[in-house]
Amino acid sequence: MRETRIEKDSLGEIEVPSNALYAAQTQRALQNFAISGLTMPQAFIRALALIKKAAAQTNLDLALLEPDIAMAIVSACDEILEYEYADQFPVDVFQTGSGTSSNMNINEVLATLASRSLGSNVSANDHVNMGQSSNDVIPSAIHISAVLELETRLLPSLRYLQETLRAKASTLSETVKTGRTHLMDAMPITMQQELEGWASQLEQIEESISFSGKKMLSLAQGGTAVGTGVNTHKDFAALFASKIASATGFQFEPSRNFFASLSSQDAAVSLSGQMKTLAVALMKISNDLRWMNSGPLAGLGEISLEALQPGSSIMPGKVNPVIPEAVAMVAAQVIGNDATITVAGQSGNFQLNVMLPVIAYNLLQSLDILANAMSSLADESIKTFTVNNETLEKSLATNPILVTALNPIIGYSAAAKIAQQAYAEGRTIVDVASEQTELSREELLILLNPSRLTQ
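Residues numbered from 1 in each chain as written. Predicted model: local features only at pLDDT ≥ 70, side-chain atom pairs only at ≥ 80, totals over all residues. Heavy atoms only, no water.

*Asks:* Go over the overall build of the protein, please, and point to the residues and values.
*Replies:* Within the protein, the regular secondary structure consists of 18 helices and ten strands. Taken against the 2.2 N^0.38 rule, which gives 23 Å for 455 residues, the C-alpha radius of gyration of the protein at 30 Å runs more than 25% over that of a compact globule. In terms of overall dimensions, the protein has a C-alpha envelope of 100 × 50 × 35 Å along the principal axes. Counting every position in the protein, which comprises 455 residues, the buried fraction comes to 50%. In the protein, once contacts between residues fewer than 6 apart in sequence are set aside, the share between residues at least 24 apart is 71%. Per element, the accessible surface of the protein, about 21,000 Å² overall, is 52% carbon and sulfur. (Helix = DSSP H or I, 4+ residues; strand = E, 2+ residues; numbered from the N terminus. Rg over C-alpha atoms; globule rule 2.2 N^0.38 Å. Buried < 20%, exposed > 50% of the residue type's maximum accessible area, 1.4 Å probe, protein only. Contact = heavy atoms within 4.5 Å. Areas by Shrake-Rupley, 256 points an atom, 1.4 Å probe, with all protein chains shown as cover.)

Encoded structure:
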């Protein structure tokens, strides 16, 4: 039997583990929401700590909070920000839709730590939560945590993947391969062009993500319960935002309309949508790599991805494209997360969105796994794959679609007959065209040169 202590809240007494830093409201949440075992991400908890620290400093500056209590709260927040006491935030993601349980969880933990350091009682509600409501704290925590994860992890990883693609592409400018449309042979391209296409795709997505990210700099903090700012100082919102901006280095500012910021999560929905677009692009790139690596004998075999682990428990020597597969699964998860966030974003009932915790969880998970996946794809697939030039050259030599270059000279119909004959007889276009046209072999070698056709 674990040792417990008795804590009280407005509903009465409840037993809490003796060694827990949290109190009654957190314990009630643990009993009420024993649903998934999934807890709020560390990035979110750190954002809550930043909010509580900035709020204490703001209330101190506004002469609303006694200096010793304010500094005790600030010190307790610093401990959380140093990744201390991570086990004290056990509330399930699937909780009350406002995230009140998570807000009270950190309020109670900070009140306990501050009380211990101060030697007198610090209240979770009256002191730590002064001038705040769960209804503005949780939306603000979503925005702050998302901006920090976006700017310090996802965007750097996305840029790194682009740089890696372009560096690899620069070494492949002379590597000509058969292009493919509908998975069928098409006109030739260079592998540099192919990789530059991927990099450009990611660059355009980066621009869209950055634009959506800027919307997350707007904070609901100061709206309190319903957007009117009840029980908070008129200068709280502006001063609070300036402190968050100073602490993070990002230009957070008060929302232009607290009613909108409490009742909607449009900025989070928008950012999630852009991450879904990134996931779609990564799925495309990963699948291209898998196709290009397929074989090595019965597939395309254009490239060889680095062998990272045995690929089968029964087939000796088999090696699989494990990183592109993992990245594709990440993409699938992010697309699913976006669907959840989309539904949750619709749940702004009158003055409050009531699916805030699940928005926070899915948004931060998407940011996290995308950042990790892109780094892995860059380092363990793009940097290290090798080109099978012999396979590429063999495919190019017998590619009947090269006859497309003769369309302006002999016409589409005549070119189609040459292509069909070359394919049926397993001969090169040059050989058949030299028989079926008046062009010399020398002219044909120039017109049908795969490298020339990529320019």
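Structure shown, so let's carry the discussion forward.
*Asks:* Account for a nonpolar patch on the surface, with residues named and values stated.
*Replies:* A cluster of nonpolar side chains, namely Ile-35, Leu-38 and Phe-94, defines an oily patch on the protein surface of about 270 Å² accessible area. Tracing the sequence through the fold places Phe-94 in the loop between helix H3 (67-81) and helix H4 (100-118). (Patch = residues over 30% accessible without salt bridge, like charges linked within 9 Å, V, L, I, M, F, W, Y side chains within 5 Å. Salt bridge = Lys/Arg side-chain N within 4 Å of Asp/Glu carboxyl O.)

*Asks:* Report on the layout of surface pockets, specifying residues and quantitative values.
*Replies:* Volume-wise, the largest pocket comes out at about 430 Å³. Of the residues in the lining of the largest pocket, the class split is seven nonpolar, nine polar and five charged. (1 Å grid on protein atoms, 1.4 Å probe; cavity = no way out; pocket = protein on both sides within 12 Å on 5 of 7 lines; lining within 4 Å. Points joined across faces, edges and corners; volume = space filled by probe spheres on them. Nonpolar A, V, L, I, M, F, W, Y, C, P; charged D, E, K, R; others polar.)

*Asks:* Which residues make up the pattern of salt bridges, and what are the values?
*Replies:* Once the charged atoms of two side chains with opposite charge are near each other, the side chains can pair. Tallied over the full model, the rule gives 20 salt bridges. Residues Lys-243 and Asp-61 are paired through a salt bridge, measuring 2.8 Å at the closest nitrogen-oxygen approach. Pair noted here: Lys-243 is in helix H8 (residues 236-248) and Asp-61 is in helix H2 (residues 42-61), with a separation of 182 residues, a long-range link. On the basis of relative accessibility, which here comes to 48%, the residue Asp-61 falls in the partly exposed class. Between Arg-180 and Glu-302 there is a salt bridge whose closest N-O contact spans 2.5 Å. Taken together, the positions of Arg-180 in strand E3 (residues 176-181) and Glu-302 in the loop between helix H10 (266-293) and strand E7 (303-304) put the pair 122 residues apart, joining distant regions of the chain. For Arg-180, a relative accessible area of 30% gives the class partly exposed. Relative accessible area serves as the criterion here: at 2%, Glu-302 is assigned to the buried category.

*Asks:* Any details on the environment of Pro-450? Residues and values, ideally.
*Replies:* Along the chain, Pro-450 turns up in helix H18 (residues 450-453). Every residue in contact with Pro-450, bar those within four places of it in the chain, is listed here: Val-176, Pro-188, Leu-396 and Leu-402.

*Asks:* Just give me the short version of unusual backbone geometry, but keep the residues and values in it.
*Replies:* A cis amide bond, omega 10 degrees, links Gly-295 with the succeeding residue Pro-296. Mapped onto the elements of the fold, Pro-296 is located in the loop between H10 and E7. For Ala-63, which is not glycine, the phi torsion reads 60 degrees and is therefore positive. By secondary structure assignment, the location of Ala-63 is in the loop between H2 and H3. Positive phi, close to 50 degrees, is recorded for Thr-224, a residue that is not glycine. When you line up the elements, Thr-224 lands in the loop between strand E5 (218-219) and H8.

*Asks:* So, the packing of aromatic side chains: which residues are in play, and what are the values?
*Replies:* On inspection of all chains with the given rule, the structure shows one aromatic pair. Ring geometry for Phe-236 against Phe-240: centres 5.7 Å apart, planes inclined by 15 degrees, an arrangement best described as stacked. Here Phe-236 pairs with Phe-240, and both are found in helix H8, just four residues apart, close to one helical turn. By the burial criterion, Phe-236 is buried, and Phe-240 matches it. Directly above the aromatic system of Phe-385 lies the positively charged group of Lys-168, at a separation of 4.6 Å from the ring centroid. (Phe/Tyr/Trp six-rings, centres within 6.5 Å; stacked < 30°, edge-to-face > 60°. Lys NZ or Arg CZ within 6 Å of the ring centre and 35° of its normal.)

*Asks:* Describe in detail the nonpolar core, supporting the description with residues and values.
*Replies:* With 109 residues, the main nonpolar core has Phe-44, Leu-154 and Leu-278 as its most contacted residues. The element best represented in this core is helix H12 (residues 356-382), accounting for 15 residues. Contacts of Leu-278, omitting those with residues within four sequence positions, involve Leu-154, Leu-158, Leu-202, Ile-205, Ile-209, Leu-370 and Met-374. Counting residues in hydrophobic clusters, the runner-up holds 17 residues, among them Leu-402, Ala-422, Val-432 and Leu-439. (Core = buried A, V, L, I, M, F, W, Y, C linked by side-chain atoms within 4.5 Å.)

*Asks:* A description of empty space enclosed by the protein should follow, citing residues and the corresponding values.
*Replies:* Applying the stated criterion to the full structure yields one cavity of 30 Å³ or more. For the largest cavity, the calculated volume is near 40 Å³. Taken together, the residues that form the lining of the largest cavity break down as four nonpolar, two polar and no charged.

*Asks:* Describe in detail the side chain of Thr-26, supporting the description with residues and values.
*Replies:* Here Thr-26 lies in helix H1 (residues 24-32). Setting aside residues no more than four positions away along its own chain, Thr-26 makes contact with Pro-90, Val-91, Met-104, Asn-105 and Glu-108.

*Asks:* Describe the pairing of strand E4 (residues 184-190), with residues and values.
*Replies:* The pairing of E3 with E4 spans five bridges and is antiparallel. Residue pairing for E4: Arg-180 is matched across the bridge by Asp-185. Turn length for the E3-E4 hairpin, with the two strands adjacent in sequence and antiparallel, is two residues, and the turn residue His-182 shows positive phi of about 60 degrees. (Pairing = 2+ DSSP bridges.)

Taken by themselves, the reported measurements are silent on function.
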